[in-house]
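What the coordinates show
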Amino acid sequence: MSQNEILFARAQITIPGGVNSPVRAFRSVGGTPRFFKRASGPYVWDADDKRYIDYIGSWGPAVLGHAHPDVIEAVQKAAVNGLSFGAPTEAEIEMAETLCQMLPSMEQVRLVSSGTEATMSAIRLARGFTGRNTIVKFEGCYHGHADSLLVKAGSGLLTFGNPTSAGVPEDFAKHTKVLDYNNVEQLERLFAAQGSELACVIVEPVAGNMNLIKPSHAFLKTLRELCTAHGAVLIFDEVMTGFRVGPQGVQGVYAVKPDLTTLGKIIGGGMPVGAFGGRKDIMACIAPLGPVYQAGTLSGNPVAVAAGLTTLKLLQRSGFYQQLSKQTERLVDGLNGVAAEMGEQFCADSIGGMFGVYFSEHPPTSFADVNTSDRTRFNKFFHAMLDAGVYLAPSAFEAGFVSVTHTDEVIDATVAAAKHAFQLLQQGQ
Ligand code: KE4
């Protein structure tokens, strides 16, 4: 048995499914999950000391590459002064000022410890601000595991083919409307019928939890116009896309200004940090200023903030996003090139440092589209790449992530591994 198999068997004794987050269990792709012991730059090493080129990057945070020396140093410096105070610190002010300076739509911001906390709090805030109960989300989008959002969520739930989580009372789910992503006509119909009842719309402005799906400009523009016209709060869930697709997230790329934005992943630089923020008049409703309660023992934790703040400063270096996009496009162009050369029905697409791979003729534009791609073939491709030392997301419903440490050499090695993988698939292996 490999060390990964030994550890997985041991983990399942005391941890449900042997993992602390479902998608890590490899249930969608089969096989034994890899237990990592260290990472550096674009690489991770598993319990058998095998090295992989990593395209998960902790599901987004590792945009600088793993274990960036400046981030590690900042964490060490903060840690020796104490791990947590449960009291305000100057670093939290600097973090809030930095986020509000980087995202013009963010007039005020509250730090929390995860993306789930950020979206759960933003939903409660929108309901408190509007006095309305009904919220709108889109099928295939995942916003963390708060009850009212686990209604046809994407990501782990989608992978498990379990469109609505057990344990969510019908009384909660009934307040959540689920529409089709990129469907302008459905939006217009819902707002025409119930616009005055809608507290908010929460959307992944670029979807990454049903694989990568880009919005049409009309979709985001209509969302903005209808929310404004009906007094509903528009929440951009940029936990994944924030500072991943560009210096101002999707709202910068598409020039659509949300009322609230939720953040996570990159803003913690690999440590537990989430955030929600936006219009000052809405944020004024949050305790202790207003009636909407929200709290957290480790919110704004000084060690986590040190990692996040250092990360945010480093990705503001000039040319950072040009480099990140260039490397990601090199990967996508390379994969599309070898697939075309091999006659493989496969395509790849990207935005900023985020990409998707699909065993279908064209990149999907909706949840229904994604379900037409060949999942079985993806699973075989996943394992062929894993054997070749390339670690892709263990699900056909996840996006991939590149860092600025994924050099031309690393990308070209990945493309070569993909060519070999396609050959194995075509030989029926
Ligand atoms: P966390 O609670 O996992 O920090 O964030 C939840 C969340 C919220 N919004 C979006 C758009 C997200 O992508 C996420 C979490 N993303 C998944 C990746 N598909 C995290 C990986 C996992 O669940 O293990």
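Residues numbered from 1 in each chain as written. Predicted model: local features only at pLDDT ≥ 70, side-chain atom pairs only at ≥ 80, totals over all residues. Heavy atoms only, no water.

**Observations concerning the overall build of the protein**
Summing up its helical and strand segments, the protein has 15 helices and 14 strands in all. The principal-axis extents of the C-alpha atoms in the protein amount to approximately 60 × 55 × 45 Å. Buried residues in the protein amount to 58% of all 429 residues. Contacts spanning at least 24 positions in sequence make up 73% of the contacts within the protein whose residues lie at least 6 apart. In the protein, the 34 positive side-chain charges and the 40 negative ones have mean positions that sit 2 Å from each other. (Helix = DSSP H or I, 4+ residues; strand = E, 2+ residues; numbered from the N terminus. Buried < 20%, exposed > 50% of the residue type's maximum accessible area, 1.4 Å probe, protein only. Contact = heavy atoms within 4.5 Å. Lys, Arg positive; Asp, Glu negative; His and termini not counted. Charge placed at Lys NZ, Arg CZ, Asp CG, Glu CD.)

**Side note on unusual backbone geometry**
Of note, the bond from Ala287 into Pro288 is cis; its omega dihedral lies within 30 degrees of zero at 5 degrees. Counting through the fold element by element, Pro288 comes out in the loop between helix 10 (280-283) and helix 11 (302-314). Located in the positive-phi region is Lys265, a residue other than glycine, with phi close to 50 degrees. When you line up the elements, Lys265 lands in the loop between strand 9 (260-263) and strand 10 (274-278). Among the residues examined, Lys265 registers a relative accessible area of 25% and is labelled partly exposed.

**Brief notes about the sheet that holds strand 11 (residues 347-351)**
Spatially, three strands are ordered 11-12-14 in an open sheet, and the strand pairing comes out antiparallel. Two strands close off the open sheet at either side, each with one partner strand: strand 11 and strand 14 (400-401). Two elements, strand 12 (residues 354-358) and strand 14, share two bridges in a ladder whose sense is antiparallel. Within strand 14, the residue paired with Met354 across the bridge is Phe401. Against the sheet, helix 12 (residues 320-342) makes contact with strand 11 and strand 12, and its axis sits at roughly 170 degrees relative to strand 11, the strand it touches most. (Pairing = 2+ DSSP bridges. Axes fitted to C-alpha atoms, helices over the stretch in contact; angles between N-to-C directions.)

**Re the site of the ligand**
The ligand sits among 17 residues. The nearest are Ser21, Thr116, Asn209, Asp237 and Glu398. Within the contact set of the ligand, an oxygen atom lies 2.6 Å away from a side-chain nitrogen or oxygen of Ser21. Contact between the ligand and Glu398: a nitrogen atom at 2.8 Å from a side-chain N or O atom of the residue. Its free accessible area being 550 Å², the ligand has 87% of it covered by the protein chains. Grouping the constituent residues of the shell around the ligand by class yields five nonpolar, eight polar and four charged. Counting residues domain by domain, the shell around the ligand receives three or more from each of domain 1 (3-67 + 318-426) and domain 2 (69-315). (Near = heavy atom within 4 Å. Polar contact = N/O pair within 3.5 Å; in protein donor to acceptor, adjacent residues only side chain to side chain. Areas by Shrake-Rupley, 256 points an atom, 1.4 Å probe, with all protein chains shown as cover. Nonpolar A, V, L, I, M, F, W, Y, C, P; charged D, E, K, R; others polar. Domains from an automatic or database assignment.)

**Remarks on the domain arrangement of the protein**
Along its sequence, the protein is organised into domain 1 (3-67 + 318-426) and domain 2 (69-315). Taking only C-alpha atoms, the centre of domain 1 and the centre of domain 2 are 25 Å apart. Taken together, the 36 residues of domain 1 in the interface contact 37 residues of domain 2. For the pair domain 1 and domain 2, the two sides together bury roughly 3,000 Å², of which 66% comes from carbon and sulfur. Sorting the residues of domain 1 by area buried against domain 2 places Tyr321, Ile351 and Phe367 first, and these three jointly supply 24% of that buried surface. On inspection of domain 1 and its partner domain 2, the count reaches one salt bridge. Here Asp349 ties to Lys214 by a salt bridge, and the two come within 3.2 Å at their closest N and O atoms. (Buried area = accessible area lost by both parts, 1.4 Å probe. Salt bridge = Lys/Arg side-chain N within 4 Å of Asp/Glu carboxyl O.)

**Some remarks on the pattern of salt bridges**
Side-chain pairing between opposite charges can occur once the charged atoms of the two side chains come close. Taken as a whole, this structure holds 15 salt bridges when the rule is applied. Two residues, Asp259 and Arg224, come together in a salt bridge whose shortest N-O distance is 3.0 Å. Taken together, the positions of Asp259 in the loop between helix 9 (249-254) and strand 9 and Arg224 in helix 8 (residues 217-230) put the pair 35 residues apart, joining distant regions of the chain. Taken as a pair, Asp259 and Arg224 share a single burial class, namely buried. Taken together, the shared-partner salt bridges connect Arg224, Asp259, Arg279 and Asp281 into one network.

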